[in-house]
Amino acid sequence: MLVLVAPGQGAQTPGFLTPWLDLPGAADRLAAWSDAIGLDLVHHGTQADADAIRDTAVAQPLLVAAGLLSASALGDIAPGAVAGHSVGEITAAAYAGVLTEDAALGFVRTRGLAMAEAAAVTETGMAALLGGDPEVTVPHLEKLGLTPANVNGAGQIVAAGTAEQLAALAEDKPEGVRKVVPLKVAGAFHTHHMAPAVAALEEAARGLTVADPRLTYVSNRDGETVASGTEIVSRLVGQVANPVRWDLCMDRFQELGVTALIEVCPGGTLTGLAKRALKGVQTLAVKTPDDLDAARRLIAETAASPADAAGA
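Think of each chain on its own: its residues are numbered from 1, step by step along the sequence as written. Reporting of local features is limited, given that this is a predicted model, to residues whose pLDDT is at least 70; pairs of side-chain atoms are given and counted only at 80 or more, and all residues count toward the totals for whole chains, interfaces and linings. Here the side-chain values reflect all heavy atoms present in the structure, with hydrogen atoms and water set aside.

(A) Representation of the sheet that holds strand β8 (residues 282-285) in the model. Spatially, β2-β1-β7-β8 is the arrangement adopted by the 4 strands of the open sheet, whose pairing is parallel. The open sheet terminates on both sides in strands that have one partner only, identified here as β2 (81-84) and β8. When the angles between neighbouring strand axes are averaged without regard to direction, this sheet yields 20 degrees. Pairing between two strands is assigned when DSSP locates at least 2 bridges connecting them. Secondary structure elements are defined from DSSP: runs of H or I of at least 4 residues count as helices, runs of E of at least 2 residues count as strands, and each element is numbered from the N terminus. Axis geometry follows a simple rule: fit a line to the C-alpha atoms, using only the stretch in contact for helices, then measure angles between N-to-C directions, giving values from 0 to 180 degrees.

Shown next as structure tokens:
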């Protein structure tokens, strides 16, 4: 069973969209999306520097555009499930047919602007903790006033809070944590610091045309499969101020019988987690168009597997 996943903020790197512009129709699609949302995706995906694409209002639409562009390049496939990490959930929702691509880009543009505005109120950020036991790490973070904003599984939790709280964490790591790595994001996402953005997204959601997903959709709020498009959009709204439970998503993938996982552009983060947490599952990160042939082969192998042939 194949799972298609989309990464969240921090996965972007300068120039990562450049090779994708060589695909037929890619430049035109990006130009149309750029005009629709008032943001030059081509410029930011090919020429902008790391600081420019670190801006929340830029990074989020850029990631959704890249995810949709690379997913469509895989061809007409029907993965057994789809999911996304943080803003990647909007990519997954569009791929599953809950939102049109245009609606998804408009929604993520609102999300990025609203979260950037919320992040400007207080100097906040996020840091990944590598190693350690969640039962030890989470209480330690809470003692420091930090939120376990992403519980990613595979020995990784992302803490979020003020600059002062993160500085205290660097000096006082939880027992068993090997390393604390600051993330390339501009705020304490998935915490109460993002509450002002929820109202903006609630307003935006009221104008959306929503359909139920045509694919199994796994929510990163709790790892549950959600069959209602309206419920998925409601979760997308609340998600910005609540933790991401990617660990529970991977648990769900296992329950569904995952045998292969493909991460759309700019892939790497979620496949890294899957390699550590989903033993025996084939993984592939789509970084550039050069990865498409290998992805298509993996898709074909998965579709031809005995389990799939038996309807499992």
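(B) Highlighting the side chain of arginine 111. By the element assignment, arginine 111 lies in helix α6 (residues 101-119). Any pair of nitrogen or oxygen atoms within 3.5 Å is treated as a polar contact; in protein, a donor-acceptor pairing is required on top of that, and neighbouring residues in sequence qualify only through side-chain atoms on both sides. Polar side-chain contacts of arginine 111 include one of 2.9 Å to the side chain of glutamine 60. Non-local contacts of arginine 111, meaning those with residues more than four positions away in its chain, are made with Gln60, Ser86, Val87, Ile90, His190, Leu201, Gln239 and Val240. Contact criterion: two residues are considered in contact whenever any of their non-hydrogen atoms come within 4.5 Å of each other.

(C) Looking closely at unusual backbone geometry. Residues cysteine 265 and proline 266 are joined by a peptide bond in cis, for which omega reads 0 degrees. Considering the arrangement of structural elements, one finds proline 266 in the loop between β7 (260-263) and α12 (269-277). One non-glycine residue, alanine 154, adopts positive backbone phi at about 55 degrees. Relative to the elements of secondary structure, alanine 154 occurs in the loop between β4 (147-153) and β5 (156-162). Relative accessibility thresholds used throughout: buried, under 20% of the residue-type maximum; exposed, over 50%; partly exposed, between the two (1.4 Å probe, protein chains only). The class of alanine 154 is partly exposed, set by a relative accessible area of 28%.

(D) Focus on the environment of glycine 75. For glycine 75, the location among the structural elements is in the loop between α4 (56-73) and β2. The sequence separation of glycine 75 and glycine 176 amounts to 101 residues, and the corresponding C-alpha distance is 44 Å.

(E) The arrangement of the packing of aromatic side chains in detail. Only centres within 6.5 Å qualify two rings of Phe, Tyr or Trp (six-membered ring in Trp) as a pair; their planes then separate them into stacked at under 30 degrees, edge-to-face at over 60, and tilted for everything else. Summed over the entire model, instances satisfying the criterion amount to 1 aromatic pair. Arranged with centres 5.8 Å apart and planes meeting at 80 degrees, the rings of tryptophan 246 and phenylalanine 253 form a pair that is edge-to-face. Just as tryptophan 246 is buried, phenylalanine 253 falls in that class too.

(F) Looking closely at helix α11 (residues 246-256). Every buried residue belonging to α11 is among Trp246, Asp247, Cys249, Met250, Arg252 and Phe253, and all of these are buried. Next to the buried residues of α11 lie β1 (2-6), β2, β4, β7 and α12. One or two positions beyond α11, positive phi appears at glycine 257, with a value near 90 degrees.

(G) Broad picture of the sheet that holds β5. Spatially, β4-β5-β3-β6 is the arrangement adopted by the 4 strands of the open sheet, whose pairing is antiparallel. The sheet terminates laterally at β4 and β6 (177-182), the two strands that pair on one side only. Sheet twist, expressed as the mean angle between neighbouring strand axes with direction ignored, is 25 degrees. Across the sheet, helix α8 (residues 163-171) is in contact with β3 (124-131), β5 and β6; its angle to β5 comes to roughly 135 degrees.

(H) Structural detail: the packing of α11 against α12. Running from N to C, α11 and α12 point in directions that differ by 60 degrees, and their axes come no closer than 11 Å. Considered as vectors, α11 and α12 are oriented oblique to each other. Pair α11 / α12 crosses with right-handed handedness. Residues Trp246, Met250 and Gln254 of α11 pack against Leu270, Leu273, Ala274 and Ala277 of α12. Residue type decides the class: Asp, Glu, Lys and Arg count as charged, Ala, Val, Leu, Ile, Met, Phe, Trp, Tyr, Cys and Pro as nonpolar, and the leftover types, Gly among them, as polar. Here the contact of α11 with α12 is composed, by residue class, of 6 nonpolar, 1 polar and no charged. Comment on the angle field: the value is read as roughly parallel under 35 degrees, roughly antiparallel over 145, roughly perpendicular from 65 to 115, and oblique elsewhere. If you view the pair so one helix is near and one far, a crossing is left-handed when the near helix is turned anticlockwise from the far one by less than a right angle, and right-handed when it is turned clockwise.

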